[in-house]
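Chain and residue survey
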Amino acid sequence: MNNWNVLAVLSVALIASANAQDHEPYGRDFWRSDAPAQAAVEAAKPRTPPSAAERRALEERLREMELDGGPYADGLSEPLFDLGRALEGAGDPEDALPVYQRALHILRVNDGLYSPRQAPLVRAILDLYRTSGDLPALDDRYDYFFRLYGSGQAPYDDVRLRAALEYLRWQQEAYRVGLPGDQVGRLVNAMELGERILEGVRVARNVDWSWQRDLVLTQLRTLYLLHYEVAPVLRMQEQLGQLRGSPIPALGTGQNSEFEDQRAINLARSLEGKGRSLLSISLPAARAAGADELARIHLELGDWLLWHDNRRSALAEYGKAEAQLREDKQAALLEQWLGEPAEIPGNGAFGPIEAEEVAVIGFTADYRVDARGRVRDLEITPLAGVEPARANGLSRRLRGTLFRPVIAGGEAQTSGLLTRQYQLED
């Protein structure tokens, strides 16, 4: 076997080894079905479409308003929006889209490009692309939506900050659904953009803590995704470099350019520090917002450190969260956050993706979580109709999952026997 074949075999082995060292990305293809779901970016509000008679009345109203005030009359946007909803509700999304776009254009003519009255229309257009499954078009529209609301720059108001959050969260979703293109580069760009927005928000000093907290936690999700993507490649690069006696070029991840791979790998070397800094810098503002907000940041910092196998520092952060909650007599939060084990990451970084409809199979899992955050005494029972052999997939994932252990008196404890329901992608 020549040297290149040896290197190829070693590469395959090291890839398997590198991936085996990663913690299981909880939420990516399995999740608890008996736990409260992660809150959506924007809660979907059920719409009751107008009846056929109401739709005809809308169309007549539009004609009358156009005759009275012309094609750009200020009041036209509202009935156009209602007509678009009627068309959408009647199963005609292709007809609804130009109606929404016309209403949006009229608002811009009358109110200017940055009118907050555009938000419901822009959101309706985004929803149409999402429900139609045209994710590349949705991706393009999100770029426009973000530019429309200031590209994450000051002055910061609720409309601009909400747009920035939605845009950053869309970048995460676009990565997870596997849109074509440089996905590692997408995450890196989202991370750098989040850094710039957070810096601007902190300098502004007049932004409510709730916005800063949501930006921080969204940024943390990006860092989890980025770490999962590039950390195994970084370890493989370092090990192969050692085998050959000198550094080697960045190893491609399959879809990305060598430049972008190297960019991501360089970032991976400092990811733990970036996450630690992101949360640590937020502590003073969280402290001013209240004990529960401060405890939340300590908790997230503990999870991030434990994810990077920095157990000692993680336990210190959990202890600080516990102390804050006890001092503030937050017994319910103390039990929820530290009284029972929690799968890490618990912030929805890896999914599941709300836009996807996937077949799932269900299981009951009985187990304990030890003081190091690992599953012990695992027994899995498939739900009715599920082949027993399918339990192997969930067993493998749960054993690879890192848990925040029970914390009492600042110390990690082995939990009692837990019984939980899980769903696994079929």
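A few points on the structure. As the structure is a prediction and not an experimental result, all values here were calculated from the model.

Quick look at the pairing of strand β8 (residues 418-425)
- Burial of β8 is one-sided: the residues Leu418, Arg420, Tyr422 and Leu424 facing one way are buried, the residues Thr419, Gln421, Gln423 and Glu425 facing the other way are not.
- Note that strand β1 (residues 30-32) and β8 share 3 bridges and pair antiparallel. Note that in β8 the partner of phenylalanine 30 across the bridge is leucine 424.
- With 8 bridges connecting them, strand β3 (residues 360-369) and β8 associate as antiparallel partners.

A closer look at the packing of helix α7 (residues 158-177) against helix α8 (residues 183-204)
- Where α7 meets α8, the closest approach of the two axes is 9 Å, and the angle between their N-to-C directions is 160°. Judged on the interaxial angle alone, α8 and α7 are roughly antiparallel. Between α7 and α8 lies a crossing of left-handed hand. In this structure, α7 contributes Leu161, Ala164, Tyr167, Leu168, Trp170, Gln171, Ala174 and Tyr175 to the contact, and α8 contributes Gln183, Arg186, Leu187, Ala190, Leu193, Gly194, Ile197 and Val201.
- Looking at the contact of α7 with α8 residue by residue, the class counts come to 12 nonpolar, 3 polar and 1 charged.

Digging into the pattern of salt bridges
- This model, assessed by the stated rule, comprises 20 salt bridges.
- Among the salt bridges present, the one from glutamate 272 reaches arginine 276, with a minimum N-O distance of 3.7 Å. Here glutamate 272 and its partner arginine 276 are both found in helix α11 (residues 271-289), 4 residues apart, which amounts to about one turn of the helix.
- According to the relative accessible area criterion, glutamate 272 is partly exposed, its value standing at 25%.
- The salt bridge partner of arginine 420 is glutamate 340, with a shortest N-O separation of 3.6 Å. Of this pair, arginine 420 sits in strand β8 while glutamate 340 sits in the loop between α14 (331-338) and β2 (342-344), placing them 80 residues apart in sequence.
- Overall, the relative accessible area of 3% leaves arginine 420 in the buried class.
- With relative accessibility at 34%, the residue glutamate 340 sits in the partly exposed group.

Notes on the packing of helix α4 (residues 93-111) against helix α5 (residues 119-132)
- It is the contact of α4 with α5, at a shortest axis distance of 9 Å, that shows an interaxial angle of 155°. By the criterion of interaxial angle, the relationship of α4 to α5 is roughly antiparallel. In the packing of α4 onto α5, the handedness of the crossing is left-handed. Between α4 and α5, the residues in contact are Pro93, Ala96, Leu97, Tyr100, Gln101, Ala103, Leu104 and Leu107 and Leu121, Val122, Ala124, Ile125, Leu128 and Tyr129, respectively.
- Taken together, the residues that form the contact of α4 with α5 break down as 13 nonpolar, 1 polar and no charged.

The rules behind these values
Residues numbered from 1 in each chain as written. Predicted model: local features only at pLDDT ≥ 70, side-chain atom pairs only at ≥ 80, totals over all residues. Heavy atoms only, no water. Buried < 20%, exposed > 50% of the residue type's maximum accessible area, 1.4 Å probe, protein only. Helix = DSSP H or I, 4+ residues; strand = E, 2+ residues; numbered from the N terminus. Pairing = 2+ DSSP bridges. Axes fitted to C-alpha atoms, helices over the stretch in contact; angles between N-to-C directions. Parallel < 35°, antiparallel > 145°, perpendicular 65-115°, else oblique. Left-handed = near helix turned anticlockwise from the far one by under 90°. Contact = heavy atoms within 4.5 Å. Nonpolar A, V, L, I, M, F, W, Y, C, P; charged D, E, K, R; others polar. Salt bridge = Lys/Arg side-chain N within 4 Å of Asp/Glu carboxyl O.

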